[in-house]
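# Structural overview
Spelled out, the chains give:
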Amino acid sequence: MEKEVKVDVLGGILAGSLIVPANSQKPTIVLIISGSGPTDRNGNNALSGKTNNLKQLAHELANKNVASLRFDKRGVGGSQSATIPEEKLKLQTFVNDVLSWLTYIHESSKFGKIFVLGHSEGGLIAIKACQRIKVAGCILLATPGQRLAEVLQHQLSQQLASQPSWLQKSLNILASLQNGNLVPQVPTELQSIFRPSVQPYLQSILNVDPAAELAKIDSPILIVQGTEDLQVTISDAKLLKQAVPKAKLVIIAKMNHVLKEVPKSDTQSNLASYQQPNIPLNTQLVKQITCFLNTENL
């Protein structure tokens, strides 16, 4: 059974979907955290595409008698009342929102073990939240293993290789933000990445080392990475595993960044899947997650 749930947070109300399997008493529950940008509870983002991947994941978990709660981020869908100015957003804003949902789950007293699952940047939010509240386990899907500053540096170097002047301007802005200095004047061509209103958020996350942060939590950890991910690599997953050797690392063949099964080395099909919500999740994904949930329930 799926129902709408809400939680009060600073500045408004967040809305989400709670699924509780039928005839289950105090089932295990997974709090699902979406990735970067204006992403809704289903994993859809007006900027990057409609995949329904988190909705699919929640329903697949329900089929395995696992409850789940997924939610709209601030300013998205049912959480629009919690919109705050972009320049006020920090990584900690989203961490606090997750802590509010975890408190909601704890106080309901309707569930057994509580797990936190983060997708992409949501994995970093999950890590930070698990440092604050003890949970049964932390599940990271396609989560970067290196600082965002390093990721952006690499991406910009690739994307602007043919435009050295713009590349240098980008790297200069990035360096300023890393050093704690805002850059009020940003060229129009770089506004989408470095517009002044997004700079405080970037500053809050650029130097955060996901691997080092992961080492600070003592909950069981599952790291899942797909071989066909165009945004996060197997090397990222290995950095996370290296930081916490006891964590379980699973590499899933033919799974891309949005958790769908795509042909090997087929970039066109891979990118197309970001706009094809009916493509099913990679079948190994739910198997590996439920295996982890069951292991940690022993």
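My aim in this report is to walk through the structure given alongside it, one point at a time. Small disclaimer: the values here were computed from a predicted structure and weren't measured. (Residues numbered from 1 in each chain as written. Predicted model: local features only at pLDDT ≥ 70, side-chain atom pairs only at ≥ 80, totals over all residues. Heavy atoms only, no water.)

Another aspect to go through is the overall build of the protein chain. Broken down by element type, the protein chain carries eleven helices and eight strands. A compact globule built from 298 residues should have a C-alpha radius of gyration of about 19 Å, and the protein chain, at 19 Å, falls within 12% of that. Its C-alpha atoms put the protein chain at 60 × 45 × 35 Å along the principal axes. A total of 298 residues make up the protein chain; the buried ones form 52% of that total. (Helix = DSSP H or I, 4+ residues; strand = E, 2+ residues; numbered from the N terminus. Rg over C-alpha atoms; globule rule 2.2 N^0.38 Å. Buried < 20%, exposed > 50% of the residue type's maximum accessible area, 1.4 Å probe, protein only.)

Relative to the helices and strands, Asp-40 is located in the loop between strand S3 (29–33) and helix H1 (53–63). Although Asp-40 lies buried, it forms no salt bridge, and the closest oppositely charged side chain, Arg-41, sits 6.7 Å away as judged by the N-O distance. (Lys, Arg positive; Asp, Glu negative; His and termini not counted. Salt bridge = Lys/Arg side-chain N within 4 Å of Asp/Glu carboxyl O.)

We now examine the pattern of salt bridges. Tallied over the full model, the rule gives ten salt bridges. Measuring nitrogen to oxygen at the nearest pair gives 3.3 Å for the salt bridge that ties Glu-213 to Lys-128. Taken together, the residues Glu-213 in helix H8 (residues 210–214) and Lys-128 in helix H3 (residues 121–130) connect sequence positions 85 residues apart. Residues participating in the shared-partner salt-bridge network are Glu-4, Arg-41 and Asp-72.

The next point concerns the packing of aromatic side chains. As enumerated under the stated definition, the model contains four aromatic pairs in all. Ring centres of Phe-94 and Tyr-201 lie 5.8 Å apart, and the angle between their planes is 75 degrees; this geometry places the pair in the edge-to-face category. Residue Phe-94 is found in helix H2 (residues 91–108), and its partner Tyr-201 is found in helix H7 (residues 199–205); the two are separated by 107 residues along the sequence. The buried category is assigned to Phe-94, whose relative accessible area is 10%. A relative accessible area of 11% places Tyr-201 in the buried class. Their ring planes at 85 degrees and their centres at 5.8 Å tell us that Trp-101 and Tyr-104 sit as a pair that is edge-to-face. Highlighted residues: Trp-101 and Tyr-104, both in helix H2, separated by three residues, approximately one helical turn. Look at Trp-101 and you get buried, because its relative accessible area is 0%. (Phe/Tyr/Trp six-rings, centres within 6.5 Å; stacked < 30°, edge-to-face > 60°.)

Here Asp-236 shows up in helix H9 (residues 234–243). Although Asp-236 lies buried, it forms no salt bridge, and the closest oppositely charged side chain, Arg-147, sits 11 Å away as judged by the N-O distance. Within polar-contact distance, the side chain of Asp-236 engages the side chain of Thr-233 at 2.9 Å. Setting aside residues up to four positions removed in sequence, Asp-236 forms contacts with Thr-143, Pro-144, Gly-145 and Gln-146. (Polar contact = N/O pair within 3.5 Å; in protein donor to acceptor, adjacent residues only side chain to side chain. Contact = heavy atoms within 4.5 Å.)

So, on to the sheet that holds strand S4 (residues 67–71). Overall, mixed pairing links the eight strands, which are arranged S1-S2-S4-S3-S5-S6-S7-S8 in an open sheet. If you trace the sheet from one side to the other, it starts and ends with strand S1 (2–9) and strand S8 (248–252), each paired once. Here the strands of the sheet are splayed against their neighbours by 20 degrees on average, with no regard to which way each runs. For S1 and strand S2 (residues 12–19), the ladder comprises eight bridges, and the chain directions are antiparallel. Within S2, the residue paired with Asp-8 across the bridge is Ile-13. (Pairing = 2+ DSSP bridges. Axes fitted to C-alpha atoms, helices over the stretch in contact; angles between N-to-C directions.)

Another point: the environment of Ala-22. With respect to the helices, strands and loops of the structure, Ala-22 is situated in the loop between S2 and S3. In this structure, the C-alpha to C-alpha distance between Ala-22 and Met-1, residues 21 residues apart in sequence, is 6.6 Å.

Residues Leu-69, Leu-102 and Leu-214 are the most contacted members of the largest nonpolar core, which totals 46 residues. Sorting elements by how many residues they give to this core places H2 first, with eight residues. Setting aside residues no more than four positions away along its own chain, Leu-214 makes contact with Ile-127, Leu-140, Ile-221, Ile-223, Leu-240 and Val-244. Counting 26 residues, the second-largest nonpolar core is a separate cluster that includes Ile-19, Leu-281, Leu-285 and Leu-293. (Core = buried A, V, L, I, M, F, W, Y, C linked by side-chain atoms within 4.5 Å.)

Looking now at unusual backbone geometry. In this model, Asn-52 sits at a positive phi of 60 degrees, which is unusual for a non-glycine residue. Mapped onto the secondary structure, Asn-52 falls in the loop between S3 and H1.

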